[in-house]
Amino acid sequence: MGASVAAPGVAAAVPRLSGEGVFLPNLDDDTRRCTLGPGDLDRPGLEVDRRLASCHDAADEVVNGSRDEDDLTKLRLRGSEAAQVEVDRGDHVRVFVRRDGRYRPLTPGETFSARELRRGVDLAVEGRDIVRDPAKWDGRVRLTARSAGRAVVKELRVAPLLFQHDLMPATTVFAGKPGEGPGWPGEGLPPGHPGEWDRFSETLTRATAGVETRFLAGSELWWKDVWLQDLFEPAVASMPTAHGVQTMRVAIRSANQWDAGVPTLRPAGRLLFRDLRGPDVGVVQEFTEGPVVDSWADQRNATGNFEALPPHRGYPKGRIYYGSAATGDRKPDPAFLRMLHAQGQQPPVVLDTSWLMVGHVDETLHVVRADNARGWTLMVADPRLAEDLLHQANGTGARLFAGTNHEYQPTVEELLGDADFRRRNEAAARHIDDQVGVMLRETGLRADELVRVPVLFTESGRAPGLVALAPAVTNGLSVTAGRYAAPDPHGPVVHGRDLFKEATERALRGIRVAWVEDVFWAHVGGGEVHCTTNAWRDTRSLTG
């Protein structure tokens, strides 16, 4: 990888530049020197976001301790005559030279003596960024060692960011919790009501038992933005070393922009710099600066709308999939998409989510383990199955949301007697058919391999588009390939059995389903368990 190339006709005296050909984007903070200042979480505008993103280990000319040294690609220069090393893209990498037991930046035009070359000169390469726009930089750099009219070239490339996927076991689960702010703006809740966070957190903690679970509190102003899934997408960059694979987690911040008087990158995303960035954890943000025209259209930029398929034939690193619209402005930020495409390893699949109010792919699809040739399939929200189950309960008087504090608890008979509801539910089913058709075509999955679970859809009443009427079981958290934390759907209960829960457990045979109470903490706000959680996962199967 990255072999040295000598000029034609060069004799054995040519210098040698050896080592691996991949380097990490060194965007972590190994000594935790990057901190948030007073008021940084709440201050409107983009200045804070730019400042937070610009502070990381590659932002200075210092090797910040032994952990930072581990993030550098080591090279060795040998030869028999004095030599110089030239770097063609110094704006994207920094080269260090080790002298007197310490690394310091390579000086342009610096000469290494013949004596040093015979002994061997230790160099180290630090990536200063990821690839964001291939038209500006394709991720490759060239180091040229020149000695007595001879030259050798070492080609290197930056490690791409790879999305993790839901079959990887979670190592840390993140979720939101109330901060020092006013109450959750749920339906029918009194002022100061915390949105039943206690019920959510207790059931989630049981569902994730054995896995570290961290509850993150926002600021006084933004604490209600508890949608951890929508703040960032977990990714990983890695490189081979003499001692194994060196890995860096990267939180890809969502490109959401909110109108806080001035354009402001979603403020809750600043929690990533406060609570996640540190040793071997970096944060990347990429967005198009501009006025916020439509806050609901901007929801396409939330990272709950970006997921990953596991490896399959033709795609050894898997693929990203995300939601967009065929026409109009309900599409993700073009700069963010360009950055994802620029990684070059997980070419995206695009699905139509324009018919949904929120418009995220996690509302209708979820990767799950399967006993098939590829080892996985898709769990699919099925409105028709849900309506069939309502018919099974017809005449019993069973209600949705029974046993909860939700003010809306329609009976099965009310729903089945509502022609507009049935029409909207069928419209959702047809849209999901279209999504499934794309996925079958792109992945090679067969229709009979899909796992279908009951989810009802209706109009939101708050903005154009459809939403899940009751908690959508597709919108949950895979703790491991064999354990799934699902939102309790509070479906019709007949003879003591919740028909929606029973159908889901039957469909997910071989996967243990743990039910999480999220009606007030997430569902009434337009999301579910998946939306208000996130996770670091064991990515060794992706990076090894």
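Above this text is the structure in question.
About the cut-offs
- Residues numbered from 1 in each chain as written.
- Predicted model: local features only at pLDDT ≥ 70, side-chain atom pairs only at ≥ 80, totals over all residues.
- Heavy atoms only, no water.
- Helix = DSSP H or I, 4+ residues; strand = E, 2+ residues; numbered from the N terminus.
- Rg over C-alpha atoms; globule rule 2.2 N^0.38 Å.
- Buried < 20%, exposed > 50% of the residue type's maximum accessible area, 1.4 Å probe, protein only.
- Contact = heavy atoms within 4.5 Å.
- Core = buried A, V, L, I, M, F, W, Y, C linked by side-chain atoms within 4.5 Å.
- 1 Å grid on protein atoms, 1.4 Å probe; cavity = no way out; pocket = protein on both sides within 12 Å on 5 of 7 lines; lining within 4 Å.
- Points joined across faces, edges and corners; volume = space filled by probe spheres on them.
- Nonpolar A, V, L, I, M, F, W, Y, C, P; charged D, E, K, R; others polar.
- Disulfide = S-S within 2.5 Å.
- Pairing = 2+ DSSP bridges.
- Polar contact = N/O pair within 3.5 Å; in protein donor to acceptor, adjacent residues only side chain to side chain.
- Axes fitted to C-alpha atoms, helices over the stretch in contact; angles between N-to-C directions.
- Parallel < 35°, antiparallel > 145°, perpendicular 65-115°, else oblique.
- Left-handed = near helix turned anticlockwise from the far one by under 90°.
- Phe/Tyr/Trp six-rings, centres within 6.5 Å; stacked < 30°, edge-to-face > 60°.
- Lys NZ or Arg CZ within 6 Å of the ring centre and 35° of its normal.

Draft legend 1. Geometry of the overall build of the chain. Scanning the chain from terminus to terminus reveals 12 helices and 33 strands. Over its C-alpha trace the chain gives a radius of gyration of 26 Å, about what one expects of a compact globule, namely 24 Å for 544 residues. Projecting the C-alpha coordinates of the chain onto the three principal axes gives extents of approximately 90 × 55 × 45 Å. Per-residue burial over the chain gives 59% buried out of 544 residues. Summarising the internal contacts of the chain: among those between residues at least 6 apart in sequence, 76% fall at separations of at least 24.

Draft legend 2. Inspection of the nonpolar core at higher detail. Core analysis: the biggest nonpolar cluster contains 38 residues, and Tyr-321, Leu-351, Leu-378, Met-439, Phe-457 and Leu-508 have the highest contact counts within it. Of all the secondary-structure elements, those providing two or more residues to this core are strand E22 (349-352), strand E23 (365-369), strand E24 (376-382), helix H10 (419-443), strand E25 (451-454), strand E27 (466-468), strand E29 (483-487) and strand E32 (512-516). With 26 residues, the next largest nonpolar core counts Leu-46, Ala-159, Ala-237 and Ile-252 among its residues.

Draft legend 3. Quick peek at helix H4 (residues 197-207). Taken residue by residue, H4 has Trp-197, Phe-200, Ser-201, Thr-203, Leu-204 and Ala-207 as its buried positions. Its buried side turned inward, H4 meets strand E13 (170-177), strand E14 (212-217), strand E28 (477-480), E29, E32 and strand E33 (533-537).

Draft legend 4. Looking closely at empty space enclosed by the protein. Summed over the entire model, instances satisfying the criterion amount to six cavities of 30 Å³ or more. Its boundaries defined by the atoms lining it, the largest cavity holds a volume of some 100 Å³. For the largest cavity, the lining is made up of 13 residues, of which Gln-164, Asp-166, Gln-229, Glu-307 and Arg-537 are closest to its centre. Contributing elements (two or more residues each) for the lining of the largest cavity: strand E15 (232-241), strand E20 (306-309) and E33. Along the lines of polarity and charge, the residues of the lining of the largest cavity split into four nonpolar, five polar and four charged.

Draft legend 5. Expanded view of the state of the cysteines. Within the structure shown, the criterion is met by one disulfide. Through a disulfide, Cys-34 is tied to Cys-55; the S-S separation comes to 2.0 Å. Torsion about the S-S bond of the Cys-34 and Cys-55 cystine: about -85°, corresponding to left-handed handedness. You can see Cys-34 sitting in the loop between strand E3 (22-23) and helix H1 (47-54) and its partner Cys-55 sitting in the loop between H1 and helix H2 (65-70), a full 21 residues away along the chain. Just as Cys-34 is buried, Cys-55 falls in that class too.

Draft legend 6. Structural detail: the sheet that holds E15. Read from one edge to the other, the open sheet built from four strands follows the order E12-E15-E16-E19, with strand pairing classed as mixed. Edge positions in the sheet fall to strand E12 (162-163) and strand E19 (281-284), since each has one partner strand and no second. Pairing between E15 and strand E16 (residues 244-253): 10 bridges, direction antiparallel. Bridged to Ser-238 within E16 is Thr-247.

Draft legend 7. Highlighting helix H7 (residues 334-342). Those residues of H7 that fall on the buried side of the exposure criterion are Ala-335, Phe-336, Leu-337, Met-339, Leu-340 and Ala-342. Buried residues along H7 sit in contact with E12, E16, E19, E20 and strand E21 (319-324). Two or three places before Ala-335, at the opening of H7, Asp-333 has a side-chain oxygen 2.7 Å from that residue's backbone nitrogen. Once H7 finishes, Gly-344 follows within two positions and takes phi at roughly 75°, a positive value.

Draft legend 8. A look at the side chain of His-56. Take His-56: it is sitting in the loop between H1 and H2. By relative accessible area, which is 10% here, His-56 ends up buried. Not counting residues up to four positions away in its chain, the partners in contact with His-56 are Asn-26, Leu-27, Asp-28, Arg-33, Cys-34 and Arg-128.

Draft legend 9. Broad picture of the packing of helix H8 (residues 383-392) against helix H11 (residues 499-507). For the pair H8 and H11, interaxial distance at closest approach is 10 Å and the crossing angle is 130°. In terms of axis orientation, H8 runs oblique to H11. Remark: the crossing between H8 and H11 carries right-handed chirality. Two secondary-structure elements touch here, H8 through Ala-386, Leu-389, Leu-390 and Gln-392 and H11 through Leu-499, Phe-500 and Ala-503. Residues belonging to the contact of H8 with H11 are distributed by class as follows: six nonpolar, one polar and no charged.

Draft legend 10. Looking closely at the packing of aromatic side chains. Per the stated rule, a full pass over the model turns up eight aromatic pairs. Seen from their ring centres, Phe-306 and Phe-336 are 5.1 Å apart, and the 65° between their planes marks the pair as edge-to-face. Residue Phe-306 is located in strand E20, and its partner Phe-336 is located in helix H7; the two are separated by 30 residues in the primary sequence. Each member of the pair, Phe-306 as well as Phe-336, is classed as buried. Arg-319 extends its terminal NZ or CZ atom over the ring of Tyr-315, reaching a point 4.3 Å from the ring centre. Over the face of the ring belonging to Trp-376 we find Arg-374, whose NZ or CZ atom lies 5.7 Å from the ring centre.

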